[in-house]
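Structure assessment
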Amino acid sequence: MPKSFLPLVLPLLGGTALAGCQWLIYVYAPTEASMGLIQKIFYLHLPLAWWALVSFFLVFLGSVVYLFRRSPGADRLCAAAAETGVLLSGLALVTGMLWARKSWGVWWTWDPRLTTTLVMWFIYAGYLILRGLNMPPQRKSLVCAVLGVVAFLDVPLVFVSARIWRSIHPAVFGAQGGGLEPEMRLAAMACVIALGFFWAALIGLRKGQLDLRARMDTLWAGNGPSAAGRNRP
Amino acid sequence: MLRMTLAVFRKDMTLTLLRGNGLAQALLLGLLLVFVFSLSQGIGENLSPRNAAAVFWLSSAFCQVLIFNQLYALEEVNNSRLGLLLVPQPLQAVWLGKALAGFVLLLLAQCVFAPATIVFLGQSLSGHPGPAASILLLTDAGMCALGSLLGALAQSQTARESLLGVVLFPLLTPLLLAGTGVCAQALGGASGEADAWIGVAAAFDAIFLAAGLLLFSFLYTGDE
């Protein structure tokens, strides 16, 4: 498939798949006995959390590539992935809180996985603040790449701390089939895949915007404000 | 590399302790934090051991930010960072030397924070001090490995204090949780899982010591 079709196909695919998932969530998958309708949030919460983690992994990969090749494209990919990751993890936290209120009776509980998701959100929000600073562009890209690597190294500690503390998260996809009915598992997996297309579209769109801005900055620097002023009628 | 590391360590210790404010600003900030948290106690009330341990580590974390800002600001005067960059030695020696200096300075500060926490927050050392001593050294080592790496991040930045804090604190969370969990036991809190937390702190140290060695040379450059 030509590259130019992807920005059009991915959002269409993601949007259609997400719309199809609504049928799976509300018609195909049974309603959970104890929690009722609010359990449906899970089908959004899980994909958001997973794709947020994938976004942060993409920041890590892009940062490694930038450190070794100094490719501006990799830096812009990191920026797009970090913004998307912060957005998705923020939404995962909000949907998690709504679910926690119904499920555990509180808006927030210091469950290790929730806590560490919040910590990851803080880390990458700090990363975005660093990206917004007024620094020389190459220095900023370098500093962000180092932070992108260091930040992702915290992720294994997230999982370790989740195991040390007693988690109250349900086992979704465990070795024995997890705690979900087969229909619920299918719906959850379909939502993960659908949101994956949407995620790829978001990253592609944002990366495209950043590429365009970089191109305009280059053109502006080449012509210069004075040259642009001279060319005006 | 070891000789260069020790030279940077000696230089930083001498410049920090014998000139200017030394540790005074960092110590004062940490003590103020302990004092402010003591205001939350009602008459005849004491903070729980876990809360007191958290206040101790919070003071240490703020103190660490000031220490590394100060250590990296030393070379900004007269642009002497270029001098360090020109030394024909591995650049990682600068990171290690500053981490060592930060480690000693942080331990010195904690020698003040620990009694202040016990006195102001009404605590007593009624638990086992052994695991607390181990976690203190491991947590400080991790904090200094990461602090020394990210201290270089803020070089030449006017907003370096706030920037370093915003970036560093969330990264340190697993380490601070481990330190709080084990130190709470030394203050008489519920015991259990000290070994696991020591394992987390040791893993953190290993990961970020390796990361510092690999990444420091990318960050510490002659760029303004």
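Coordinates for the structure precede this section.
Only a predicted model underlies this, so the values are computations on that prediction, with no experimental measurement involved.

With that out of the way, let us pick up the overall build of chain B. Summing up its helical and strand segments, chain B has 8 helices and 0 strands in all. Secondary structure elements of chain B occur, N-terminal to C-terminal, as α-α-α-α-α-α-α-α. Rg of the C-alpha trace for chain B: 18 Å, near the compact-globule value of 17 Å for 224 residues, within the 12% margin. Along the longest, intermediate and shortest principal axes, the C-alpha atoms of chain B span 60 × 35 × 25 Å. With 224 residues in all, chain B has 50% of them scored as buried. Summarising the internal contacts of chain B: among those between residues at least 6 apart in sequence, 88% fall at separations of at least 24. Taken as a whole, chain B presents about 9300 Å² of accessible surface, with 69% of it coming from carbon and sulfur.

Turning our eyes to something else, we now look at the overall build of chain A. For chain A, the helix and strand inventory stands at 7 helices and 0 strands. Helices and strands appear in chain A in the N-to-C order α-α-α-α-α-α-α. Taken over 233 residues, chain A has a buried fraction of 44%. Across chain A, contacts joining residues at least 24 apart in sequence account for 75% of those joining residues at least 6 apart. Accessible surface for chain A amounts to roughly 12500 Å². Of this, 68% is attributable to carbon and sulfur atoms.

So, on to the nonpolar core. Taken as a class, soluble globular proteins show a tendency for nonpolar side chains to be buried jointly. Judged by nonpolar contacts, the single largest core of 127 residues is most densely connected at Y43 and Y124 of chain A together with L146, L150, L171, L215 and F216 of chain B. In this structure, L215 of chain B is in contact with L67, V146, V149 and V150 of chain A together with L149 of chain B, ignoring residues within four places of it in sequence.

Moving on, we come to the interface of chain A and chain B. At the junction of the two partners, chain A supplies 26 residues and chain B supplies 31 residues. Of the roughly 2500 Å² buried where chain A meets chain B, counting both sides, 79% is carbon and sulfur surface. Our count for the contact surface shared by chain A and chain B stands at 0 salt bridges. Viewed at the interface, chain B and chain A are joined by 2 residue pairs in polar contact (both at pLDDT 80 or more). For the side of chain A that touches chain B, the secondary structure elements donating two or more residues are α4 (112–131), α5 (137–153) and α6 (155–164) of chain A. The dominant element in the side of chain A that touches chain B, judged by the number of residues it contributes, is α5 of chain A, at 9 residues. By residue class, the composition of the side of chain A that touches chain B is 21 nonpolar, 2 polar and 3 charged.

The subject of this paragraph is the packing of helix α5 (residues 92–120) of chain B against helix α8 (residues 194–219) of chain B. Residues and elements named next belong to chain B. As a packed pair, α5 and α8 sit with axes 8 Å apart at the nearest point and diverge in direction by 135 degrees. The orientation of α5 relative to α8 falls into the category oblique. Of the two elements, α5 crosses α8, and the hand of that crossing is right-handed. Together, Q92, V94 and W95 of α5 and F208, L209, G212, L213, F216 and S217 of α8 make up the contact between the two elements. Considering only residue class, the contact of α5 with α8 consists of 6 nonpolar, 3 polar and no charged.

Okay, the pattern of salt bridges next. Residues and elements named next belong to chain B. Counted under the stated rule, the structure contains 8 salt bridges over all chains. Here E75 and K11 are joined by a salt bridge, their closest N and O atoms 2.4 Å apart. Placement of the pair is E75 in the loop between α3 (49–73) and α4 (81–86) and K11 in helix α1 (residues 2–18), with a sequence separation of 64 residues. With a relative accessible area of 3%, E75 lands in the buried category. When its relative accessible area of 27% is taken as the criterion, K11 is described as partly exposed. In this structure, E75 engages K98 in a salt bridge whose closest nitrogen and oxygen atoms are separated by 2.8 Å.

All names here are of chain B. The full count for this structure, using the stated rule, is 16 aromatic pairs over all chains. With a centroid separation of 5.2 Å and 80 degrees between ring planes, the pair formed by F56 and W57 is classed as edge-to-face. When sorted by exposure, F56 lands in the same class as W57, which is buried. Ring centres of F204 and F208 lie 4.5 Å apart, and the angle between their planes is 45 degrees; this geometry places the pair in the tilted category. With F204 and F208 both in helix α8, this residue pair falls 4 residues apart, about one helical turn. Here F204 and F208 have matching classes, each one buried.

All names here are of chain A. All chains considered together, the criterion is met by 0 disulfides over all chains. For C78, which is in no disulfide, the shortest distance to another cysteine sulfur is to C144 and amounts to 8.6 Å. You can call C78 buried: its relative accessible area is 2%.

A positive phi angle is found at R70 of chain A, which is not glycine, with a value near 55 degrees. You can call R70 of chain A partly exposed: its relative accessible area is 43%.

This part covers α1 of chain B. Residue and element names in this part refer to chain B. Along its 17 residues, α1 runs 24 Å from first to last C-alpha, staying within 8% of the 24 Å computed at 1.5 Å per residue. Listed as buried for α1 are M4, T5, V8, D12, M13 and T16. Angular distribution of buried residues about the axis of α1 spans 165 degrees; they occupy a single face of the element. Pointing more than 90 degrees away from the buried face of α1 are the exposed residues R3, R10 and L18. In this fold, the buried residues of α1 make contact with α3, α4 and α5.

Residues and elements named next belong to chain A. In this structure, K40 sits in the loop between α1 (6–28) and α2 (42–69). When its relative accessible area of 5% is taken as the criterion, K40 is described as buried. In terms of polar contacts, K40 uses its side chain to reach the backbone carbonyl oxygen of I25, at 2.7 Å.

Criteria and thresholds
Residues numbered from 1 in each chain as written. Chains lettered and ligands numbered in written order. Predicted model: local features only at pLDDT ≥ 70, side-chain atom pairs only at ≥ 80, totals over all residues. Heavy atoms only, no water. Helix = DSSP H or I, 4+ residues; strand = E, 2+ residues; numbered from the N terminus. Rg over C-alpha atoms; globule rule 2.2 N^0.38 Å. Buried < 20%, exposed > 50% of the residue type's maximum accessible area, 1.4 Å probe, protein only. Contact = heavy atoms within 4.5 Å. Areas by Shrake-Rupley, 256 points an atom, 1.4 Å probe, with all protein chains shown as cover. Core = buried A, V, L, I, M, F, W, Y, C linked by side-chain atoms within 4.5 Å. Buried area = accessible area lost by both parts, 1.4 Å probe. Salt bridge = Lys/Arg side-chain N within 4 Å of Asp/Glu carboxyl O. Polar contact = N/O pair within 3.5 Å; in protein donor to acceptor, adjacent residues only side chain to side chain. Nonpolar A, V, L, I, M, F, W, Y, C, P; charged D, E, K, R; others polar. Axes fitted to C-alpha atoms, helices over the stretch in contact; angles between N-to-C directions. Parallel < 35°, antiparallel > 145°, perpendicular 65-115°, else oblique. Left-handed = near helix turned anticlockwise from the far one by under 90°. Phe/Tyr/Trp six-rings, centres within 6.5 Å; stacked < 30°, edge-to-face > 60°. Disulfide = S-S within 2.5 Å. Expected span 1.5 Å × (residues − 1). Arc of directions from axis to C-beta.

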